[in-house]
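Results of the structural survey
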Amino acid sequence: HNVGVEQCAPQDDRFALLFTLSVCCYGIPSFLVGYLLHHAGLWATRISAGAMLCVGFIFLGATTKEEPHWLFGAVILLSLGGNQIRMSGLQLADLFPEHKATAITLLSGMYSSSAALFLVFQLGERYRIERATICWFLAGLSTFVIWFTFVMPIHHIPYDDNYDKKYRVDESEQLNSDAVDHWISHSDGPTNKSDTKNKLEIDDGLKLKKYKDLTLTRATFSLSSVLLQLWLFACLLGLNVYQMTYNYWITIVSCNLKEAETFSLAYSYVSMVSVFVAPAMGFIVDCLVAKARKNARSFRERRTKEIQSNIIPLLLTTITNFLMYLCLLFFHPVGVYLSLGFMAITRPCIISVATAYIRIRFPQELFNRLVGFHFTVTSVLLLLQYPQFQWSMSMYLPAHATVLVLISISILNPLHLLVRPFFIKTIGSPRQAYGIANDEDDRSVKR
């Protein structure tokens, strides 16, 4: 294709700078938001977030060619408020204990449709609706975040896994009769409870030591946490650079303005429908976790299977992210449409799958702070996306090849879960995982 659309390098550069600013404002405060949720609770987090969203849309409506400085304030407030709403909304998944992964991926994936806001502005321009009018409406709509907050618990939504109660033991460490009867009926081992009690103290031929609680420091610097950090950075860098390069890419691929507009609208439509993709990943995880809870014979085996249930979603997200970014090397309409298909999968899944993985891999009591920590570090690292974009404008192939190599390396995150010794020492205690007594054996989680 010949270049049929006028390009504006300064405009692309300004867009990349604003996009980088929004990403940093969205993610860097995550660590503080995690602590805000942990200590101040839901009301304080959601009310302040709703106020920032409302003011952000007002600033966006006030932005004009003559007064473009309002745009920076709008980007900062919308990013800060949006992140707080996302992180506080994750607690709603605790209302569905048997389908937490599906709920988390649905709640996180919903935010991937935010790019459809561009479609709203495009349609508004087509039908001659003032952008300011749309922004005033959105500002009013965002106040409902505040009003709905008052029907929620002040501090947090309880995260006790109630469906595990019938498998728990009390403080005296008495053996759960239902659990023993189930174990006896599904094994060739001893046929009385006394012998079974001794048998349950054996796991993989070794007597278990007392499980210790997993601290925030140990969780943060565990191999799983480090590899997750690498994976998040690589996949989000690939996604963000793809989005920043998209406009430049389609102006080269397009033969005329009509084709360029088609590509732009396709991007917005794909962003809207992608919200339905993420829950499918969560559903896969929930099915595998449910299977683990039914078939596991020990706490370690059960936790291992629960953690390994994340391999497929993590692996699929990594592969689609790589293929989406690879399409940037092909200047043809087919490459554009293929990349949008891959983006429909990877865009909603990166954050949602990572969030669901953190919820399963680490104890719930560390969840808010770990999510905040990982997204804060990721956002700081993503400051590199702006110089990377500038590099790609002068050396297109080497710059994008570097990102592809980084995404390839990040596949170590799902692959390390295949080897149990890499993560088994940081699974936490039964108390942290299921809210049950911290016994010297795994009697408490027998089914």
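These figures come from a predicted structure and were not determined experimentally.

1. Section: unusual backbone geometry
If you check the backbone angles, R128 has positive phi at about 60 degrees while not being a glycine. Within the secondary structure, R128 is located in the loop between helix 6 (117-126) and helix 7 (131-142).

2. Looking at empty space enclosed by the protein
Under the defined criterion, the tally for this structure stands at one cavity of 30 Å³ or more. Considering the residues around the largest cavity, the lining is formed by L90, Q91, A93, D94, I104, R359, Q364, F367 and N368. Each residue belonging to the lining of the largest cavity can be placed in one class, and the counts come to four nonpolar, three polar and two charged.

3. Considerations on the side chain of R359
Structurally, the position occupied by R359 is in helix 17 (residues 333-361). In this structure R359 comes out as buried when scored by relative accessible area, which is 11%. Polar contacts involving the side chain of R359 include one to the side chain of Q364, which spans 2.5 Å.

4. Things to note about the pattern of salt bridges
Scanning all chains against the criterion turns up three salt bridges. Measuring nitrogen to oxygen at the nearest pair gives 3.2 Å for the salt bridge that ties K305 to E301. With K305 and E301 both in helix 15 (residues 299-308), this residue pair falls four residues apart, about one helical turn. Taking the relative accessible area as the measure of exposure, K305 reaches 33% and is therefore partly exposed. Connected through salt bridges with shared partners, the residues R302, R303 and E306 form a single ionic network.

5. Here's the deal with the packing of helix 3 (residues 42-62) against helix 4 (residues 70-89)
Between helix 3 and helix 4, whose axes approach to 7 Å, the crossing angle comes to 150 degrees. By the angle between their axes, helix 3 is roughly antiparallel relative to helix 4. Both helix 3 and helix 4 take part in a crossing whose hand is left-handed. Taken together, the residues of the contact of helix 3 with helix 4 break down into 16 nonpolar, nine polar and one charged.

6. Looking at the UniProt feature "transmembrane region" (unreviewed entry) in the protein chain
UniProt records the feature "transmembrane region" (unreviewed entry) at residues 15-37, 44-64, 101-124, 136-158, 219-239, 266-290, 370-389 and 395-415, using the numbering of this structure. Here residues 219-239 is 90% helix and 0% strand, with 27 Å between the C-alpha atoms at its ends. Structurally, residues 370-389 is divided into 85% helix and 0% strand, and its ends, taken at the C-alpha atoms, are 29 Å apart.

7. A short note on the confidence of the model for the protein chain
Overall, the prediction assigns the protein chain a mean pLDDT of 79, with 81% of residues at 70 or greater. Scored below 50 in pLDDT, residues 162-209 shows 79 contacts in the model against residues more than four places distant or in partner chains. In this model, residues 437-447 is a region of pLDDT below 50 whose contacts with residues beyond four sequence positions or in other chains number 57 contacts.

8. Points about the nonpolar core
A general trend in soluble globular proteins is that nonpolar side chains are found buried together. Formed by 80 residues in total, the largest nonpolar core has its most connected members in Y242, Y246, W249 and L340. Counting residues per element, this core draws most heavily on helix 12 (residues 223-253), at 17 residues. Not counting residues up to four positions away in its chain, the partners in contact with W249 are Y242, C327, L328, F330, F331, G335, V336, S339 and Y396. F57, A74, I85 and C135 belong to the second largest nonpolar core, which has 14 residues in total.

9. With respect to the packing of helix 16 (residues 311-326) against helix 17
Each packed pair of helices is defined by two parameters, the angle between the axes and the distance between the axes. Helix 17 packs onto helix 16 with a crossing angle of 145 degrees between their chain directions and a minimal axis gap of 8 Å. For helix 16 against helix 17, the interelement crossing comes out left-handed. Here P313, L314, T317, T320, N321, L323 and M324 of helix 16 come into contact with helix 17, specifically with S339, F342, M343, I345, T346, C349, I350, V353 and Y357. Taken together, the residues of the contact of helix 16 with helix 17 break down into 11 nonpolar, five polar and no charged.

10. Topic: the packing of aromatic side chains
Tallied over the full model, the rule gives 10 aromatic pairs. Ring centres of Y248 and Y396 lie 6.3 Å apart, and the angle between their planes is 40 degrees; on these two criteria the pair is classed as tilted. On the criterion of sequence distance, the pair formed by Y248 in helix 12 and Y396 in helix 20 (residues 396-409) is long-range, its members being 148 residues apart. No difference in accessibility class separates Y248 from Y396, as the two residues are buried.

11. Brief notes about a nonpolar patch on the surface
Where nonpolar side chains cluster on the molecular surface, the patch consists of F137, L141, F144, W147, F148, F150 and V151 and spans about 810 Å² of accessible area. For the nonpolar patch, the leading source of residues is helix 8 (residues 144-149), giving three residues.

12. Some points on the side chain of T45
Checked against the element boundaries, T45 lands in helix 3. Once residues within four sequence positions are removed from consideration, T45 is found in contact with V33, L36, L37, Q84 and S88.

13. Digging into helix 7
For helix 7, spanning 12 residues, the distance from its first C-alpha to its last is 16 Å, which sits close to the expected 16 Å at 1.5 Å a residue. Residues of helix 7 that are buried include every one of I134, C135, L138, A139 and S142, and no others. Projected down its long axis, helix 7 carries its buried residues within an arc of 140 degrees, all on one side. Next to the buried residues of helix 7 lie helix 3, helix 6 and helix 8.

14. Concerning the environment of A49
Checked against the element boundaries, A49 lands in helix 3. A residue is classified by how much of its surface remains accessible, and A49, at 0% relative accessible area, is buried. As for A49 and G81, which are separated by 32 residues in sequence, their C-alpha atoms are 4.2 Å apart.

15. A closer look at the environment of L60
Relative to the elements of secondary structure, L60 occurs in helix 3. The buried category is assigned to L60, whose relative accessible area is 12%. L60 sits 74 residues away from I134 along the chain, and the two C-alpha atoms are 9.8 Å apart. Apart from the residues within four sequence positions on either side, L60 is in contact with L71, A74, L78, F121, R131 and C135.

What counts, and where the lines are drawn
- Residues numbered from 1 in each chain as written.
- Predicted model: local features only at pLDDT ≥ 70, side-chain atom pairs only at ≥ 80, totals over all residues.
- Heavy atoms only, no water.
- Helix = DSSP H or I, 4+ residues; strand = E, 2+ residues; numbered from the N terminus.
- 1 Å grid on protein atoms, 1.4 Å probe; cavity = no way out; pocket = protein on both sides within 12 Å on 5 of 7 lines; lining within 4 Å.
- Points joined across faces, edges and corners; volume = space filled by probe spheres on them.
- Nonpolar A, V, L, I, M, F, W, Y, C, P; charged D, E, K, R; others polar.
- Buried < 20%, exposed > 50% of the residue type's maximum accessible area, 1.4 Å probe, protein only.
- Polar contact = N/O pair within 3.5 Å; in protein donor to acceptor, adjacent residues only side chain to side chain.
- Salt bridge = Lys/Arg side-chain N within 4 Å of Asp/Glu carboxyl O.
- Axes fitted to C-alpha atoms, helices over the stretch in contact; angles between N-to-C directions.
- Parallel < 35°, antiparallel > 145°, perpendicular 65-115°, else oblique.
- Left-handed = near helix turned anticlockwise from the far one by under 90°.
- UniProt positions renumbered as here; feature names shortened; annotations may be inferred.
- pLDDT = per-residue confidence, 0-100.
- Contact = heavy atoms within 4.5 Å.
- Core = buried A, V, L, I, M, F, W, Y, C linked by side-chain atoms within 4.5 Å.
- Phe/Tyr/Trp six-rings, centres within 6.5 Å; stacked < 30°, edge-to-face > 60°.
- Patch = residues over 30% accessible without salt bridge, like charges linked within 9 Å, V, L, I, M, F, W, Y side chains within 5 Å.
- Areas by Shrake-Rupley, 256 points an atom, 1.4 Å probe, with all protein chains shown as cover.
- Expected span 1.5 Å × (residues − 1).
- Arc of directions from axis to C-beta.

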